[in-house]
Amino acid sequence: DGWSSCGLAKMVSVRRLISPASLSARPVGTDQYLSVLSYNVMLPNSSDGWWTYKMYDPVKMAGRREVMEWEHRSGLLKDRIGMIDADVVCLQEVSPLSFEEDFSFLRDELGYDGYEMFRRGRFRPATFWRSSRCELVQPPRHGDRTLLTTFRLKGNKNADDDLKIDSGGEGDSQKNWHVLNCHLQAGPEGARRVRQIHDGVDGVFKLAKKLKEHDPANPFLVVCGDFNGGSECGAVRYAEDGSVDPTFLEDNNPVTSKIKKMRLASPLTDVAETVPENTRGFKGPPPTLVVKELISIMVQQGTEAYDEPALSDMVTERLEKIYKRYATLSQGGANQGLEKEVMCRQDVERWLTVINGQVGRGSEFRTAAKEMGYEEPEPEDDIGRSPNDAVVKNKVRITLPSDGILTLQGFLNVYQSELRQGKFWGIAHDLSVLGEPLPDAGVFGARFDRMYCSRSLQPEAVLETVCDEPCPNENEPSDHLPVAASFVPKGTF
């Protein structure tokens, strides 16, 4: 396939650790090692967003709102991150609105005095490190939902000796360790995910050349984060196979118009797959996204969850029952000689208060308002305004029309819209608190959170977190579980 032959045959047996556990123990015989933790901490954090409680099981968490608050969740995060004690911590889904306050514990209590947050977006990656251990070589590089940090390690007893490895003992510039923190685009965006990982890895190759590393195609590289897809998605295939071409389809669409191939000497190594199978009580790496199974009972058979899905009959029947309970306005049917109840504004407000805590927030509110006849006001006329006049655009506040009604079809359209946005958890929550819970269909698990290394490194220890109940819960602060590992140069042992 054009890749150089440098497989995993020389790798020593990888230590498997089960959370709660620590990566702080240094490998014997070398100071050239780096430990990395990747963790999607789940937005909302403390400020941005109010819907955290919808992510939790409404029955198990009834009357336990404190478990869902940031104070409790951040305490769990601090304990978990502190226990793992990695040299570099890569987080995903931090909020720029409260980043400094939310994660001050990493700096003030856990000693991660170096950090960089991604510059754009609402759901941002952020990377932390201890300057006593890692020295930043270049300013962090911001890609498309990727954040690249490059370090030299401090405290090496004899770095030049340690670096005389399979690729040849390259000298000072080879001491660079690159960490690529990724939060790839969610949803039916396979092509963008492939571009994101391709550009991120290619950025490492370009930087290695700029830094005059002896062999830029064999950098010390760790790639980690939320890939928003399993082993079948294009981004993962690119990482593990080294390339994708136009014949590769994801969600029935090609992920690239021309072949995309890494400029590294070899594809990346899936760190979790290096763990010996006989050390696990189950086959393969554990899932990192552990949530309620909902798609199989929420999406109508014959439609795709992420490609124009339709509400299942089971959900539609429950929504119809809910609508009948909330609809109080009699709408005359003089022509038909019949009357039927529809939801007036007060009925809609009662419904929204139950599911969202108040009127005026949430996508259910916005969709309902439009279904009831709300129209955005026309933009202000610019005639007569000088080009130099400052124009202040205030965000228009959406309101429910005072005389509007929400029909049954409009009510169903609200949840059809939620389904198309992939908010399965939100629909399940609403049905439950409205008295029509879905049956328990078990747990859905997927390995969206991944960690890879270049073939010039070998995993020394891999830390896995296992949970068999839907997350988040009272012990897990996110719907994702952390992944972590420590690395040494290949051929160290």
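Preceding block: the structure.
My aim in this report is to walk through the structure given alongside it, one point at a time. The structure displayed is predicted, hence computed values, not measured ones.

Counting 37 residues, the largest nonpolar core has M298, M343, W351, F411 and Y415 as its most contacted members. Counting residues per element, the ones that place at least two in this core are α8 (295-298), α9 (313-326), α10 (345-356), α11 (363-371), α12 (408-420) and α13 (424-433). Apart from residues no more than four positions distant in its own chain, Y415 is found in contact with L311, L319, W351, I355, I427, D430 and L434. Counting 28 residues, the second-largest nonpolar core is a separate cluster that includes L184, L211, A239 and M262.

Read across the sheet, seven strands follow the order β1-β21-β22-β2-β3-β5-β4 without closing on themselves; strand pairing throughout is mixed. Each edge of the sheet is formed by a strand with only one pairing partner; in this case those strands are β1 (15-18) and β4 (114-117). On average, each strand axis in the sheet is inclined to that of its neighbour by 20 degrees, with strand direction left out of account. Sheet analysis places strand β21 (residues 457-464) next to strand β22 (residues 483-489), joined by six bridges and oriented antiparallel. Within β22, the position partnered with L457 by the bridge is P489. Packing against the sheet, helix α2 (residues 70-84) makes contact with β2 (34-40), β3 (88-94), β21 and β22, and its axis sits at approximately 160 degrees to β2.

This paragraph deals with the packing of aromatic side chains. Inspection of the entire model under this criterion finds 16 aromatic pairs. For the pair Y323 and F411, a centre-to-centre distance of 5.6 Å together with 50 degrees between the ring planes defines the contact as tilted. With a gap of 88 residues between them, Y323 in helix α9 and F411 in helix α12 connect regions that are remote in the sequence. Residue Y323 shares its accessibility class with F411, and that shared class is buried. What links up through ring pairs into an aromatic cluster is the set W70, F99, F103, F105, Y115 and F128. The positively charged end of R130 is found above the aromatic ring belonging to Y112, 4.1 Å away from the centroid.

When you line up the elements, D270 lands in strand β15 (residues 269-270). When its relative accessible area of 8% is taken as the criterion, D270 is described as buried. Side-chain polar atoms of D270 contact the side chain of R447, separated by 2.7 Å. Beyond its immediate stretch of four places on either side in the chain, D270 contacts E240, R447, R450, M451 and Y452.

With that settled, the discussion passes to α12. For α12, with 13 residues, the first-to-last C-alpha span of 19 Å sits near the 18 Å given by 1.5 Å per residue. When we look at burial in α12, the residues that qualify are G410, F411, L412, V414, Y415, Q416, E418 and L419. Packing partners of the buried residues in α12 comprise α8, α9, α10, α11 and α13. Two residues or fewer after α12 comes G422, characterised by a positive phi angle close to 75 degrees.

With respect to burial, strand β9 (residues 176-183) is a largely interior element, eight of its eight residues being buried. Side-chain alternation along β9 places N176, H178, L180 and C182 on one buried face and W177, V179, N181 and H183 on a second face that is also buried. By the bridge criterion, seven bridges tie β9 to strand β10 (residues 220-226) in an arrangement that is parallel. Residue pairing for β10: H183 is matched across the bridge by D226.

Reading guide: rules and limits
- Residues numbered from 1 in each chain as written.
- Predicted model: local features only at pLDDT ≥ 70, side-chain atom pairs only at ≥ 80, totals over all residues.
- Heavy atoms only, no water.
- Core = buried A, V, L, I, M, F, W, Y, C linked by side-chain atoms within 4.5 Å.
- Buried < 20%, exposed > 50% of the residue type's maximum accessible area, 1.4 Å probe, protein only.
- Helix = DSSP H or I, 4+ residues; strand = E, 2+ residues; numbered from the N terminus.
- Contact = heavy atoms within 4.5 Å.
- Pairing = 2+ DSSP bridges.
- Axes fitted to C-alpha atoms, helices over the stretch in contact; angles between N-to-C directions.
- Phe/Tyr/Trp six-rings, centres within 6.5 Å; stacked < 30°, edge-to-face > 60°.
- Lys NZ or Arg CZ within 6 Å of the ring centre and 35° of its normal.
- Polar contact = N/O pair within 3.5 Å; in protein donor to acceptor, adjacent residues only side chain to side chain.
- Expected span 1.5 Å × (residues − 1).

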